[in-house]
Amino acid sequence: AKMNSTMSEEPDALSVVNQLRDLAADPLNRRAIVQDQGCLPGLILFLDHPNPPVVHSALLALRYLAECRANREKMKSELGMMLSLQNVMQKTTTPGETKLLASEVYDILQSSNMSDMDNMNEMNYRRRKAQFFLGSTNKRAKTVVLHIDGLDDSSRRNLCEEALLKIKGVISFTFQMAVQRCVVRIRSDLKAEALATAIASTKVMKAQQVVKSESGEEMLVPFQDTPVEVEQNTDLPEYLPEDESPGKEQDKAVSRVGSHPEGAASWLSTAANFLSRSFYW
């Protein structure tokens, strides 16, 4: 599949893949997206996109979709899926976070139909292999669980997601809206305080870290109030100036999607149309 690489296509590809990622973030949409004819093949094609943020966003969408156990078999057997994920992991030009995210998705899908024992062995093998591709500079990823005061609707979730995406070293995140939590995978050399600083910068949310005590009880630990210097992700595209931004109406459509499945369905067909137009088969 060859892709249009004219610059005018660029913001389109990114905004489409970001919309898909936002839809996939809502558990209510995950089955529908994978059942749709055009979306999964489209996301796989996005994994070969020359623009790194497009690839990362497509991987986040796939990561969300793979959280739904019922989707995994279909995703794994989708033409080109596992191969494209391997390509992303092995390409020397792929940023470290993106490689780790790709290997995370690969692991989840790879182990979808194994027994738990096989699963552990397979995961360890993959991890060693991924480690090899990533080179020794990428130390292991770690997981930080945040409790976020103020995380109570999808527009807040989008704010939180934008803040986290700007931090260099963030690999993936999963929201548990019902309990106001966000599980973030970060590179092990990134300080968890950086996440708190980014979330505090939204002015409407504040993060605490969820940790387990010796006895296995969960506790909330506030972060120090001294802001941490956050290294910004430089390969993210500049935002369009206000007057060119693709309209606030679209945002509303996305945030309503969860409660109106038919909204998601019509949006999916728009995405599928875009995808079939953007790629020469």
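Residues numbered from 1 in each chain as written. Predicted model: local features only at pLDDT ≥ 70, side-chain atom pairs only at ≥ 80, totals over all residues. Heavy atoms only, no water.

1. Digging into the confidence of the model for the protein chain
On average, residues of the protein chain score 77 in pLDDT, and 66% of them are at 70 or above. For the stretch residues 134–138, pLDDT sits under 50, and the model shows five contacts to residues farther than four places along the chain or on other chains. Predicted confidence is poor over residues 237–261, with pLDDT under 50, and the contacts of this stretch with residues over four places away or in other chains come to 16 contacts. (pLDDT = per-residue confidence, 0-100. Contact = heavy atoms within 4.5 Å.)

2. Some thoughts on the side chain of His147
Its place among the elements puts His147 in strand E2 (residues 141–149). There is a polar contact of 3.5 Å between the side chain of His147 and the side chain of Asp149. Residues within four places of His147 in sequence aside, it is in contact with Val179, Gln180, Arg181, Lys206, Ala207, Gln208, Val210 and Leu220. (Helix = DSSP H or I, 4+ residues; strand = E, 2+ residues; numbered from the N terminus. Polar contact = N/O pair within 3.5 Å; in protein donor to acceptor, adjacent residues only side chain to side chain.)

3. Topic: helix H7 (residues 96–110)
Between its first and last C-alpha, H7 extends 21 Å over 15 residues, near the 21 Å set by a 1.5 Å rise per residue. Within H7, 15 of the 15 residues are buried, which leaves the element mostly enclosed by the surrounding structure. (Expected span 1.5 Å × (residues − 1). Buried < 20%, exposed > 50% of the residue type's maximum accessible area, 1.4 Å probe, protein only.)

4. Comments concerning the sheet that holds strand E4 (residues 181–187)
Strand order in the open sheet formed by five strands is E3-E4-E2-E5-E6, with antiparallel pairing between adjacent strands. Of all strands in the sheet, those with a lone pairing partner are strand E3 (170–176) and strand E6 (218–222), marking the two edges. Recorded for the sheet is a direction-independent mean angle of 35° between the axes of neighbouring strands. Against the sheet, H7 touches E2, E3 and E4, its axis set at about 50° to E3. The strands that helix H9 (residues 154–165) touches are E2, E3 and E4; relative to E3, the one it contacts most, it runs at about 165°. (Pairing = 2+ DSSP bridges. Axes fitted to C-alpha atoms, helices over the stretch in contact; angles between N-to-C directions.)

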